[in-house]
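Below are the chains, spelled out letter by letter.
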There are 4 protein chains.
Amino acid sequence: MGSNFGHLFRISTFGESHGGGVGVVIDGCPPKIEISADEIQFELDRRRPGQSKITTPRNEADRCEILSGVFEGKTLGTPIAILVRNQDQRSQDYDEMAVKYRPSHADATYDAKYGIRNWQGGGRSSARETIGRVAAGAIAKKILREIAGVEIIAYVKRIKDLEGVIDSNTVTLEDVESNIVRCPDSDCAEQMVDLIEQVRNQGDSIGGVVECVARQVPRGLGEPVFDKLEADLAKAMMSLPATKGFEIGSGFAGTVMTGSEHNDEFHTENGEIRTVTNRSGGVQGGISNGENILIRVAFKPTATIRKEQRTVTNAGEEVTLAAKGRHDPCVLPRAVPMVEAMMALVLCDHLLRQRGQCGEVQ
Amino acid sequence: MGSNFGHLFRISTFGESHGGGVGVVIDGCPPKIEISADEIQFELDRRRPGQSKITTPRNEADRCEILSGVFEGKTLGTPIAILVRNQDQRSQDYDEMAVKYRPSHADATYDAKYGIRNWQGGGRSSARETIGRVAAGAIAKKILREIAGVEIIAYVKRIKDLEGVIDSNTVTLEDVESNIVRCPDSDCAEQMVDLIEQVRNQGDSIGGVVECVARQVPRGLGEPVFDKLEADLAKAMMSLPATKGFEIGSGFAGTVMTGSEHNDEFHTENGEIRTVTNRSGGVQGGISNGENILIRVAFKPTATIRKEQRTVTNAGEEVTLAAKGRHDPCVLPRAVPMVEAMMALVLCDHLLRQRGQCGEVQ
Amino acid sequence: MGSNFGHLFRISTFGESHGGGVGVVIDGCPPKIEISADEIQFELDRRRPGQSKITTPRNEADRCEILSGVFEGKTLGTPIAILVRNQDQRSQDYDEMAVKYRPSHADATYDAKYGIRNWQGGGRSSARETIGRVAAGAIAKKILREIAGVEIIAYVKRIKDLEGVIDSNTVTLEDVESNIVRCPDSDCAEQMVDLIEQVRNQGDSIGGVVECVARQVPRGLGEPVFDKLEADLAKAMMSLPATKGFEIGSGFAGTVMTGSEHNDEFHTENGEIRTVTNRSGGVQGGISNGENILIRVAFKPTATIRKEQRTVTNAGEEVTLAAKGRHDPCVLPRAVPMVEAMMALVLCDHLLRQRGQCGEVQ
Amino acid sequence: MGSNFGHLFRISTFGESHGGGVGVVIDGCPPKIEISADEIQFELDRRRPGQSKITTPRNEADRCEILSGVFEGKTLGTPIAILVRNQDQRSQDYDEMAVKYRPSHADATYDAKYGIRNWQGGGRSSARETIGRVAAGAIAKKILREIAGVEIIAYVKRIKDLEGVIDSNTVTLEDVESNIVRCPDSDCAEQMVDLIEQVRNQGDSIGGVVECVARQVPRGLGEPVFDKLEADLAKAMMSLPATKGFEIGSGFAGTVMTGSEHNDEFHTENGEIRTVTNRSGGVQGGISNGENILIRVAFKPTATIRKEQRTVTNAGEEVTLAAKGRHDPCVLPRAVPMVEAMMALVLCDHLLRQRGQCGEVQ
């Protein structure tokens, strides 16, 4: 009962890492939006495994099929179902993990919750589940661009303690895609790639921070008091696998400033009310103010590692485990399209909600 | 369309800072739970203004009235409506702010969204709105305690750069309530009080971090993939006024560790599967694992300050504003019961959802 | 968990027949709609007890108070809370019914479901609960009229076997309010009043059918496949107390026609596509087609009667009961504003949903 | 935004008559329920076209594939996705209907709502959409049977004016399936078959009434005041294609009785509180009372007929249309499994909701 997201632009994802496939049903998509399987595939290719030397070698083409809701290249306003078949399944890697719980993974909690689990792989807790989100996000991005000119860019800001210098106001998709780690600071990116390879060789893993900016967001999106824009963004991001923290604007760093230092003063620019600074991250009182929306998401190091760790079996026996299988030593390069997708899903839903309650958005 | 929260234990808050009153309707409360207005009032007193020298002098008793859903001291299973009347309204303080937008406040965005605003005060964006949450949270806490023995404690962890040393495993409500800043580290608390008074005298404000622990939480709470426990907690906390960030377990600090350092190894303790460390913060794969749930929330410095700032009027004229009215120089002492309430609302809702889908919780 | 209704225009009702009061919170109301307590009171007066010689003598003024969401006579876009206090409570009438279950009433099922019940009256199953619906419906009607020119009229079509002749295309509110039974066929209305008085004198009760028309409804309202307009209307009406059936357009009578007799042929009228007949009742494929929406609702005879009946106590002892208390011998005159309110709530919600997904309504 | 149904047992259907396929995603299914594709296929075969001489000759095998959520024959508690491919598509039949609106069909309203439509067939308004419902209903039925012993049987009660005599207390699935019209009164069934064939030969269509009983339903299901059991059943049934009316228990016929005639008196039977009669149809105050739930649904004559009718084109030109394509002259035999499915979906959702709010059901 937790695989739905959104109110007016509502998605429902399905699928485990092993089984027939994964996908999504989108309910409430506006009609007459041009969309092609290629546009969706472009985003899926950015998240697919095996795309570079620093991701998992699990190699799946992840070709998507649009099953419904699109006719002659345009959305019908009816539910859009998208399916990606599962293919490269080496479930024998999981034989040991059928009984041994991986530390900091979801094996034990799924067993506790449901009393049953598909032990052939990560099941529903696999990052494969995010395929449906990324596919839906591709459509949400298109709608945001067409209806309101919104532009969404995410990128790797930090890997472990290597932090890139990136200007969120000007960074482009091309900058992000210019290297395999998806950090637009190319010098830093090289060091990141080296670090990831080194960690992988040690059978270990690392984490970091993804930053995401949304530009040209209309004023007025966000529904106080519970569905504030930052609240829905926080939920969206913290629902991604491996996330441990969320910030908007000044974030935790803002807590060491005084109000007079922190406040975003207003001024007028070309007849428009704008803020001089953007410590608010584009949201005030839960509602977008027309400035860039800027968030950061903390991703922990991948839980599944080759290094031996202490654990227990599902029967409670204390054992050790050196995980087999093919896993990302660092999820961040592939997390970039996921963060963009979740940003798009939240903004698209709020765009429609605002239009519903208050009429056309500005 | 954003004033509802929860699925099975569902609350709907209402009310602006000025007008008839504020309150909440709780739908889906289990029947036969003993609850009194006094238990609710206890929590409301912890959040009310004027409670100490470091909070706003706005002095409202905030007496609650239970309008429905409780009979002879027990919940009926029907909606519980709770009302707190507004009283100490000095709307003349707001005359200037009727036209001048307070920097980093919600004045401008409410105007942009709705095209209308109650300029007599903070309106719906006032912290007064949280009265409904705290009242509902008091009932959620009671249910969690009665059905599952859950214990929730929040406290001030940091004010600006003053950070307390607190053991989340053992801290008690008494420790928290032992000083007016609600930081259980009493030495640090004294410094915090001094700092808040000093900042207030400067007409400025400060922020900080609230930490919250939930102990004895049953395994299995959380509904992947979107309603993961940490996702709903993040949304809950980021829906509170003035929040800029959320962390669970290791949070952002966890992103500089390797997987082998970060993972919570399993062992067996008195026949139960437990983790040796708790960097996961009590949640793995979006589902509670029986360890303490531990989160942190970043609160920015209060936006409304007496110091003069640059701003604009609603007509776009550039002006300056030195805010009048009575405001907290630091929201954190009063934010503590709000964070507890939101933790309780999330856990209570997930307890009922788990019971619905999977049967009795362990 | 069933006291919420609507998606974008969402209401949450609260309150039992005995206790502090009853009311409603409306979330998602469009901003800048002019609304006064008087407009709401007008509708409440149409449903209040003691309004005429054929309704229950329970005499409550049912004065409403708007607690929030309205400022200087206009909606703010924030939640609107409306409260009506309970007053004329003669709970001693219910002493016997504290233990004896009234046949065909909700006493036994509430006990079975919740294990607790406010035995001082009908509790949550009392028709008093509909106060919140009627108050919210008054606002929904206003929005529909202002945004789209929609007009909603309900009336008593039949009492027992006395059926009025009424033209749904032309009937007015004045026609409906011209007599106490709210049947616009005045000759029939007189007979109905006589019948109701006669039945009341026998300590018995009767039922009948309310018809409701919505005129000038925009095309395009209704969200297939589950939230079809007729599906949401059916739910709305069947959620009213004492309802046993729902029909739209031709209804059950349509089932004895052939397709060629039943279909509504299209033609063009002043450049607009219209149907020649309206057996569809204004909805085709779950979506409004611009013709009048026409529905009928079956209300059973009031369950609580003075005549002696066989029943059991909550301990299962077989007894008899001749109900005390003051009850309507026929609910239909007071059900008219309830049916109108539910029609308005459904149409208003769908108007906003259509605007959200597809842009401005025609 | 209307293709979701249910709260805890939540389904999301997708698919048009033409395109990749149709199906459903079920979110919130309890774990560890045994389910096979064969059990689902059994129900799909009861609704599939071409199953007998009185249904449409459109011949599709409608083989279902379970894509996720089931592992080694048992539900995982994760979303269950089920897909049925579209196959026998003769869209050339629809060339004329691409521009000519079929009277009383959804062509014109879909165009009005979305401004776009898949003109190759009925699109989303095709009865093919119910495949997803019937598949989900098969699982809901299984859960109801396993957890609570509930038994659901629907059957054709009336075709045009031919009404069968059927005892809802004892009728079995075998009785229903004993003839192609699914009317357990075999003499009447023969006449019905003759009538349907005769009407089909005339290029016309007919409607009727389906009745559905649910037996051994636990007490306490239903969530007043909006999600009363009869309200959710009414919505469920009125969301099926071609429905015009809904009744529970005595229905419209109950409106001509007096209260003393209509009320279901209580008595005690083997220590249990039971009603002597069942005019309530198993629901009192919106909550199941342990008696049989009994409902009736009115289906209009099929809108698409071969007989020539007046209509207009999408450009507003007045024309005539004699529909081509293959259509059911009477939808009722195939509607029987749809009504059962919707009954199962409502009861299953309410079973889980009751368990969530109030604990284990009796």
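An unreviewed UniProt entry lists chain A under the name Chorismate synthase, with Phormidesmis priestleyi ULC007 as the source organism. Within the UniProt record for chain A, the comment given under Pathway (unreviewed entry) is "Metabolic intermediate biosynthesis; chorismate biosynthesis; chorismate from D-erythrose 4-phosphate and phosphoenolpyruvate: step 7/7." The heading Subunit (unreviewed entry) in the UniProt record of chain A holds the text "Homotetramer."

Chemist: How should the overall build of chain A be read in this particular structure?
Modeler: Helix and strand counts for chain A come out as 8 helices and 18 strands. Relative to a compact globule of 362 residues, whose C-alpha radius of gyration would be 21 Å, chain A shows 21 Å and is just as compact. If one aligns the C-alpha atoms of chain A with their principal axes, the spans along those axes are about 65 × 50 × 35 Å. Sequence-distant contacts in chain A: of pairs separated by 6 or more residues, those separated by 24 or more amount to 71%. Of the roughly 10,400 Å² of accessible surface on chain A, 44% is carried by carbon and sulfur atoms.

Chemist: What exactly am I supposed to notice about the relation of the copies chain A and chain B here?
Modeler: Here the two chain copies are tied together by a rotation about an axis and a shift along that axis. Between chain A and chain B, which share one sequence, the superposing operator has a rotation angle of 180° and an axial displacement of 0.0 Å; the RMSD is 0.0 Å. Seen this way, the second copy is the image of the first under a two-fold rotation axis.

Chemist: I'm lost on the UniProt feature "binding site: FMN" (unreviewed entry) in chain A in this one. Help?
Modeler: UniProt annotation of "binding site: FMN" (unreviewed entry) refers to Arg 124, Ser 125, Ser 126, Gly 285, Lys 300, Pro 301, Thr 302, Ala 303, Thr 304 and Arg 326 of chain A when read in the numbering used here. These annotated residues cover 203 residues of sequence, and their C-alpha atoms sit far apart, with the largest distance between any two at 44.0 Å. For Ala 303 of chain A, the location among the structural elements is in the loop between β16 (293-299) and β17 (309-312). In contact with Ala 303 of chain A, not counting residues within four places along its chain, are Pro 103, Ser 104, His 105 and Gln 309 of chain A together with Asn 263 of chain B.

Chemist: Can you help me understand the sheet that holds strand β4 (residues 64-66) of chain C in this one?
Modeler: Residue and element names in this part refer to chain C. Spatially, 5 strands are ordered β1-β2-β3-β7-β4 in an open sheet, and the strand pairing comes out antiparallel. On the outer flanks of this sheet lie β1 (4-5) and β4, each paired with one strand and no other. Across the sheet, helix α3 (residues 130-148) is in contact with β2 (10-14), β3 (21-27) and β7 (80-85); its angle to β3 comes to roughly 35°.

Chemist: Explain the relation of the copies chain D and chain B to me, please; I cannot follow it from the model alone.
Modeler: The two copies are related by a screw motion: chain D maps onto chain B through a turn of 180° and a shift of 0.0 Å along the axis, at an RMSD of 0.0 Å. When the interface residues of chain D are mapped onto chain B, 100% of them again lie at the interface, so the same face is used by both copies.

Chemist: What exactly am I supposed to notice about unusual backbone geometry here?
Modeler: Only a minority of non-glycine residues have a phi that is not negative, and only a minority of peptide bonds are not trans. Residue Pro 224 of chain A is joined to Val 225 of chain A through a cis peptide bond whose omega torsion reads 5°. In this fold, Val 225 of chain A is placed in the loop between β10 (208-215) and α6 (229-238). Backbone geometry at Glu 72 of chain D places phi at a positive 50°, although glycine is not the residue there. Considering the arrangement of structural elements, one finds Glu 72 of chain D in the loop between β5 (70-71) and β6 (74-75). Its relative accessible area of 62% is what places Glu 72 of chain D among the exposed residues.

Chemist: Would you mind showing me how to read the interface of chain A and chain B here?
Modeler: Quoted interface sizes are often the accessible area lost when the parts come together. Facing the 107 residues of chain A at the interface are 106 residues of chain B. When chain A packs against chain B, the two sides together hide about 8,200 Å² of surface, and 57% of this comes from carbon and sulfur. By the criterion of area lost to chain B, the three top residues of chain A are Lys 113, Phe 226 and Lys 244 of chain A, representing 11% of everything that side buries. One can count 8 salt bridges joining chain A with chain B. For Glu 223 of chain A, the salt bridge is made with Lys 113 of chain B, and the minimal N-O distance between the two is 3.0 Å. Where chain A touches chain B, the interface holds 51 residue pairs in polar contact (both at pLDDT 80 or more). Of the residues belonging to the side of chain A that touches chain B, the class tally is 40 nonpolar, 40 polar and 27 charged. Relative to strand β11 (residues 243-248) of chain B, strand β11 (residues 243-248) of chain A runs antiparallel, the two being bridged by 3 bridges. Looking at β11 of chain B, one finds that Gly 245 of chain A is bridged to Glu 247 of chain B.

Chemist: I keep staring at the side chain of Thr 75 of chain A and nothing clicks. Help me out?
Modeler: For Thr 75 of chain A, the position within the fold is in strand β6 (residues 74-75). In this structure Thr 75 of chain A comes out as buried when scored by relative accessible area, which is 0%. A polar atom in the side chain of Thr 75 of chain A sits 2.8 Å from the backbone oxygen of Pro 30 of chain A. Filtering out sequence-adjacent residues up to four positions away, Thr 75 of chain A remains in contact with Cys 29, Pro 30, Pro 31, Lys 32, Ile 33, Ile 35, Gly 69, Val 70 and Ile 80 of chain A together with Ile 116 of chain D.

Chemist: So what exactly am I meant to see when it comes to the packing of aromatic side chains here?
Modeler: Pairs of aromatic rings are described using the distance from one ring centre to the other and the angle between the two planes. This model, assessed by the stated rule, comprises 18 aromatic pairs over all chains. Aromatic side chains Phe 71 of chain A and Trp 119 of chain D sit 6.0 Å apart centroid to centroid with 80° between the ring planes, which places their arrangement in the edge-to-face category. Here Phe 71 of chain A, found in strand β5 (residues 70-71), pairs with Trp 119 of chain D, found in the loop between α2 (107-114) and α3 (130-148), and the two come from separate chains. Among the residues examined, Phe 71 of chain A registers a relative accessible area of 9% and is labelled buried. When its relative accessible area of 28% is taken as the criterion, Trp 119 of chain D is described as partly exposed.

Chemist: I would appreciate a short explanation of the UniProt feature "binding site: NADP(+)" (unreviewed entry) in chain A in the present structure.
Modeler: All names here are of chain A. The UniProt entry lists Arg 47 and Lys 53 under the feature "binding site: NADP(+)" (unreviewed entry), expressed in the numbering used here. Structurally, the position occupied by Arg 47 is in helix α1 (residues 37-47). Mapped onto the elements of the fold, Lys 53 is located in the loop between α1 and β4 (64-66). The residues contacting Lys 53, other than those within four sequence positions of it, are Ile 180, Val 193, Glu 197 and Arg 200.

Chemist: Sorry if this is basic, but what is going on with the pairing of strand β12 (residues 266-269) of chain C here?
Modeler: Along any regular strand the residues' side chains alternate between the sheet's two faces. Residue and element names in this part refer to chain C. Sheet topology note: the β12/strand β13 (residues 272-275) ladder contains 4 bridges and is antiparallel. What sits directly across from Phe 266, in β13, is Thr 275. Hairpin connection, β12 to β13: the antiparallel pair is bridged by 2 residues, and Asn 270 has positive phi, about 50°.

Chemist: I'm lost on helix α8 (residues 332-358) of chain A in this one. Help?
Modeler: Residues and elements named next belong to chain A. For α8, with 27 residues, the first-to-last C-alpha span of 38 Å sits near the 39 Å given by 1.5 Å per residue. Here α8 lies mainly inside the structure; 26 of its 27 residues are buried. After α8 finishes, the residue Gly 359 shows a positive phi value of roughly 90°.

Chemist: Please explain the interface of chain D and chain B as it appears in this structure.
Modeler: Across the boundary between the two partners, chain D contributes 13 residues, which contact 13 residues of chain B. When the two sides are added together, the surface that chain D and chain B hide from each other amounts to roughly 1,000 Å², 51% of it contributed by carbon and sulfur. Counting the contacts that link chain D with chain B gives 0 salt bridges. One can count 9 residue pairs in polar contact (both at pLDDT 80 or more) joining chain D with chain B. Its residues assigned to classes, the side of chain D that touches chain B shows 6 nonpolar, 5 polar and 2 charged.

Chemist: What is the right way to look at the pattern of salt bridges in this model?
Modeler: It is possible for side chains of opposite charge to pair when their charged atoms get near one another. Counting across every chain of the model gives 131 salt bridges over all chains. Across the salt bridge formed by Glu 340 of chain B and Arg 46 of chain B, the nearest N and O atoms sit 2.9 Å from each other. Of this pair, Glu 340 of chain B sits in helix α8 (residues 332-358) while Arg 46 of chain B sits in helix α1 (residues 37-47), and the two are 294 residues apart along the sequence. For the pair shown, Glu 340 of chain B and Arg 46 of chain B are each scored as buried. Salt bridges here are not isolated pairs; linked through shared partners, they connect Glu 43, Arg 46, Lys 141, Glu 177, Arg 182 and Glu 340 of chain A.

Chemist: So what exactly am I meant to see when it comes to the sheet that holds strand β4 (residues 64-66) of chain B here?
Modeler: Adjacent strands of a sheet form backbone hydrogen bonds with each other and so pair up, either parallel or antiparallel. All names here are of chain B. Strand order in the open sheet formed by 5 strands is β1-β2-β3-β7-β4, and the pairing between neighbours is antiparallel. Either end of the sheet is taken by a strand with one partner, and the two such strands are β1 (4-5) and β4. Pairing of strand β2 (residues 10-14) with strand β3 (residues 21-27) involves 5 bridges; the strand directions are antiparallel. Residue pairing across strands places Arg 10 opposite Asp 27, the latter belonging to β3. The strands touched by helix α3 (residues 130-148) within the sheet are β2, β3 and β7 (80-85), with β3 carrying the most contacts at an inclination of about 35°.

Chemist: Looking at this structure, I do not really get the side chain of Thr 304 of chain D. What am I missing?
Modeler: In this structure, Thr 304 of chain D sits in the loop between β16 (293-299) and β17 (309-312). With residues up to four places along the chain from it excluded, the contact list for Thr 304 of chain D reads Arg 102, His 105, Ala 323 and His 327 of chain D.

Chemist: Can you walk me through the packing of α8 of chain A against helix α8 (residues 332-358) of chain C in this structure?
Modeler: Each pair of packed helices can be summarised by the angle the axes make with each other and by the distance between the axes. In contact at an axis separation of 7 Å, α8 of chain A and α8 of chain C are set at 135° when each is read in the N-to-C sense. Judged by the angle between their axes, α8 of chain A and α8 of chain C are oblique. When the axes of α8 of chain A and α8 of chain C are compared, the crossing they make is right-handed. Along the contact surface, α8 of chain A presents Leu 352, Arg 355, Gly 356, Gln 357 and Cys 358 of chain A, while α8 of chain C presents Leu 352, Arg 355, Gly 356, Gln 357 and Cys 358 of chain C. Class assignment for the residues of the contact of α8 of chain A with α8 of chain C results in 4 nonpolar, 4 polar and 2 charged.

So, how was this worked out
Residues numbered from 1 in each chain as written. Chains lettered and ligands numbered in written order. Predicted model: local features only at pLDDT ≥ 70, side-chain atom pairs only at ≥ 80, totals over all residues. Heavy atoms only, no water. UniProt positions renumbered as here; feature names shortened; annotations may be inferred. Helix = DSSP H or I, 4+ residues; strand = E, 2+ residues; numbered from the N terminus. Rg over C-alpha atoms; globule rule 2.2 N^0.38 Å. Contact = heavy atoms within 4.5 Å. Areas by Shrake-Rupley, 256 points an atom, 1.4 Å probe, with all protein chains shown as cover. Least-squares fit on C-alpha atoms with pLDDT ≥ 70 in both. Pairing = 2+ DSSP bridges. Axes fitted to C-alpha atoms, helices over the stretch in contact; angles between N-to-C directions. Buried < 20%, exposed > 50% of the residue type's maximum accessible area, 1.4 Å probe, protein only. Buried area = accessible area lost by both parts, 1.4 Å probe. Salt bridge = Lys/Arg side-chain N within 4 Å of Asp/Glu carboxyl O. Polar contact = N/O pair within 3.5 Å; in protein donor to acceptor, adjacent residues only side chain to side chain. Nonpolar A, V, L, I, M, F, W, Y, C, P; charged D, E, K, R; others polar. Phe/Tyr/Trp six-rings, centres within 6.5 Å; stacked < 30°, edge-to-face > 60°. Expected span 1.5 Å × (residues − 1). Parallel < 35°, antiparallel > 145°, perpendicular 65-115°, else oblique. Left-handed = near helix turned anticlockwise from the far one by under 90°.

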